[in-house]
Amino acid sequence: MIRLKVDPLNPEADSIRKAAEVIKAGGLVAFPTETVYGLGADALNPRAVEGIFRAKRRPMDNPLIVHIADFEQLEEVAKDISESVMEIAQKVWPGPLTLVLKKRDVVPPETTGGLDTVAVRMPAHPIALQLIRESELPIAAPSANLATRPSPTTADHVEEDLDGSVDVILDGGETFFGVESTVINVTTTPPVLLRPGPFTVEELRNLFGDVILPKEVVEAKESAMALAPGMKYKHYAPTKPLYIVEKNSIFSDVVNLFRQRRKAVALCSAETCADLAPPKIVMGTKENLYTVAKNLFKSFRELDSMDGDIGVMESFPERGIGLAIMNRAKKASAHRVISSLEDVERYAND
Ligand code: TXA
Ligand code: MG
């Protein structure tokens, strides 16, 4: 494995060229996007794509996102795109919105988990865009973590999970948003939200008019009748139990009550953390929930590596980026939600 340090705003051409050669030869390159790091391979080469699944230990029926750098590549991988969807794509890309579209035959079933649709996005990150351009290929890339771990927001996270199974890591520092892209299926009218992300529901409704928010997406439930195949798999959960405290008014009481029995690590905003004794992980500020999103997965990794038995996390309003934060947090907590002090007793022997 080689790891190359790259300037995220002005990527060095020779590093990009080396990585692009690996993609062209069917190898694996981890690279930053504006959301999280991706584990990339030639989206049109079944053998290369199989390498991604092997490295991540991901079930083969969970499809990948195809990353493109221009609209010619969109036409190459997807078909039957309505005029209105095309207009919206032109407005929002590059950006953290993934569109599920009808796929063309050049995209092998390995990439799409055997579906006749393909998830596509144009990432707003200079390293990702240059890598796709230099490879002259659409790049299939899921998040660059082991299937059991949180998505990586730094090159160190990628190396922790995938050292030995990835050919090149392009280290472009921390990613900008810290949670994965919004995924929306636009093959139906109205479109259906499959994963909340940095591109908010409020913004989607402005663009598309009506958007369906399935109950299991909002409640972050793993669904047997999977809308997005990824939804039927158990998502990352920390090795230690994680609890979400519904009401902020009882947060410090809940933490202190847990601490009578267990070593509880508090995961909270600077404001809520201020009066709490350690151990605690400050995730960002309530004033700007993008700071919390950016540190979310890093905080989960930290919880696992810290001295402590359990994690107790504050809730955030499920608006804007808050919906994506709470969606990931609920999954990570396996829906252990605390709404009263009595609930602490109920979970005491977890
Ligand atoms: O921000 C992101 O989206 C990152 C960066 C690297 O771009 N990628 C990412 O990929 O999060 P991944 O594979 O971890 O998540 C892709 C999600 C999965 O839940 C998958 O099931 C869903 O998108 N998906 C992919 N293709 C689909 C399709 N054809 N129909 C429905 N869902 C699909
Ligand atoms: Mg992922």
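Further up the page is the structure itself.
None of these values were measured; they are calculated from a predicted model. (Residues numbered from 1 in each chain as written. Chains lettered and ligands numbered in written order. Predicted model: local features only at pLDDT ≥ 70, side-chain atom pairs only at ≥ 80, totals over all residues. Heavy atoms only, no water.)

### Focus: the sheet that holds strand β14 (residues 280-282)
Pairing is parallel across the open sheet formed by five strands, whose spatial order is β14-β13-β15-β12-β16. A strand with exactly one partner marks an edge of an open sheet, and here the two such strands are β14 and β16 (337-338). (Pairing = 2+ DSSP bridges. Helix = DSSP H or I, 4+ residues; strand = E, 2+ residues; numbered from the N terminus.)

### Considering the pairing of strand β6 (residues 97-103)
For β6, the buried fraction is high: six of the seven residues fall into the buried class. Both strand β5 (residues 78-79) and β6 contribute to a ladder of two bridges, which runs antiparallel. Residue pairing in the sheet places Ala 78 in a bridge with Lys 103 of β6. As paired strands, β6 and strand β10 (residues 182-185) are joined by four bridges and run parallel to one another. Counted as the bridge partner of Val 100 is Asn 185 from β10. The pairing of β6 with strand β7 (residues 117-121) spans four bridges and is antiparallel. When the bridges of β7 are listed, Lys 102 appears paired with Thr 117. (Buried < 20%, exposed > 50% of the residue type's maximum accessible area, 1.4 Å probe, protein only.)

### So, the site of ligand 1
Near ligand 1, the surroundings consist of 27 residues, among which Thr 35, Asn 62, His 67, Ser 181 and Gly 230 are the closest. Separating an oxygen atom of ligand 1 from a side-chain N or O atom of His 67 is a distance of 2.6 Å. In the model, an oxygen atom of ligand 1 is placed 2.6 Å from a nitrogen or oxygen of the Ser 181 side chain. Bound to the protein, ligand 1 loses 95% of the 690 Å² it would expose on its own. (Near = heavy atom within 4 Å. Polar contact = N/O pair within 3.5 Å; in protein donor to acceptor, adjacent residues only side chain to side chain. Areas by Shrake-Rupley, 256 points an atom, 1.4 Å probe, with all protein chains shown as cover.)

### Quick word on the environment of Val 85
For Val 85, the position within the fold is in helix α4 (residues 83-92). Assessed through its relative accessible area of 8%, Val 85 is described here as buried. Among residues more than four places away in sequence, those in contact with Val 85 are Leu 99, Leu 101, Val 186 and Phe 208. (Contact = heavy atoms within 4.5 Å.)

### Some thoughts on the state of the cysteines
Counted according to the given criterion, the structure contains one disulfide. The disulfide partner of Cys 268 is Cys 273, and the S-S distance across this bridge is 2.0 Å. Taking the sign of the torsion about the S-S bond as the criterion, the disulfide between Cys 268 and Cys 273, at about 90°, is right-handed. Here Cys 268 matches Cys 273 in class, with each residue buried. (Disulfide = S-S within 2.5 Å.)

### Notes on the packing of helix α1 (residues 13-24) against helix α6 (residues 126-135)
Each pair of packed helices can be summarised by the angle the axes make with each other and by the distance between the axes. Packing of α1 against α6 brings their axes to within 8 Å, and their N-to-C directions diverge by 55°. As the angle between them shows, α1 and α6 are arranged oblique. For α1 against α6, the interelement crossing comes out right-handed. On the side of α1, the interface is formed by Ile 16, Arg 17, Ala 19, Ala 20, Ile 23 and Lys 24, while α6 contributes Ile 127, Gln 130, Leu 131, Glu 134 and Ser 135. (Axes fitted to C-alpha atoms, helices over the stretch in contact; angles between N-to-C directions. Parallel < 35°, antiparallel > 145°, perpendicular 65-115°, else oblique. Left-handed = near helix turned anticlockwise from the far one by under 90°.)

### Comments concerning the pairing of strand β11 (residues 192-195)
Of the strand pairs in this sheet, β10 and β11 are connected by three bridges, and their pairing is antiparallel. Paired with Val 183 across the strands is Arg 195, a residue of β11. Hairpin connection between β10 and β11: a loop of six residues separates the two successive antiparallel strands.

### So, the packing of aromatic side chains
For the coordinates displayed, the defined rule picks out five aromatic pairs. Summarising the aromatic geometry, the rings of Phe 177 and Tyr 290 are spaced 6.1 Å apart at their centres and angled 50° between planes, so their arrangement reads as tilted. With Phe 177 in the loop between β9 (168-171) and β10 and Tyr 290 in helix α12 (residues 289-305), this residue pair connects regions lying 113 residues apart in the sequence. Residue classification places Phe 177 among the partly exposed positions, given a relative accessible area of 24%. Taking relative accessible area as the criterion, Tyr 290 reaches 34% and is therefore assigned partly exposed. Between Tyr 243 and Phe 258 the ring centres are 4.8 Å apart and the planes differ by 35°, which places this aromatic pair in the tilted class. Highlighted residues: Tyr 243 in strand β12 (residues 242-245) and Phe 258 in helix α10 (residues 251-259), separated in sequence by 15 residues. By relative accessible area, Tyr 243 is classed as buried at 0%. The buried category is assigned to Phe 258, whose relative accessible area is 1%. (Phe/Tyr/Trp six-rings, centres within 6.5 Å; stacked < 30°, edge-to-face > 60°.)

### Quick word on α1
A rise of 1.5 Å per residue sets the reference length of α1, with its twelve residues, at 16 Å; its end C-alpha atoms lie 16 Å apart and thus fit the reference within 8%. Contacts made by the buried residues of α1 are with β1 (2-5), β2 (29-32), β3 (37-42), α6, β8 (139-140) and β9. Of the residues flanking the end of α1, it is Gly 26, one or two places downstream, whose phi is positive at about 90°. (Expected span 1.5 Å × (residues − 1).)

### A closer look at the pattern of salt bridges
Scanning all chains against the criterion turns up 18 salt bridges. The closest approach of N and O atoms between Glu 180 and Arg 328, which form a salt bridge, is 2.7 Å. You can see Glu 180 sitting in the loop between β9 and β10 and its partner Arg 328 sitting in helix α13 (residues 321-332), a full 148 residues away along the chain. In this structure, Arg 346 engages Asp 343 in a salt bridge whose closest nitrogen and oxygen atoms are separated by 3.3 Å. Separated by three residues within a single helix, Arg 346 and Asp 343 lie in helix α14 (residues 341-347), roughly one turn from each other. Asp 343 gets classed as buried once you look at its relative accessible area, which sits at 10%. Each of Arg 3, Lys 5, Asp 156, Glu 159 and Asp 171 takes part in salt bridges that share partners, so that together they form one network. (Salt bridge = Lys/Arg side-chain N within 4 Å of Asp/Glu carboxyl O.)

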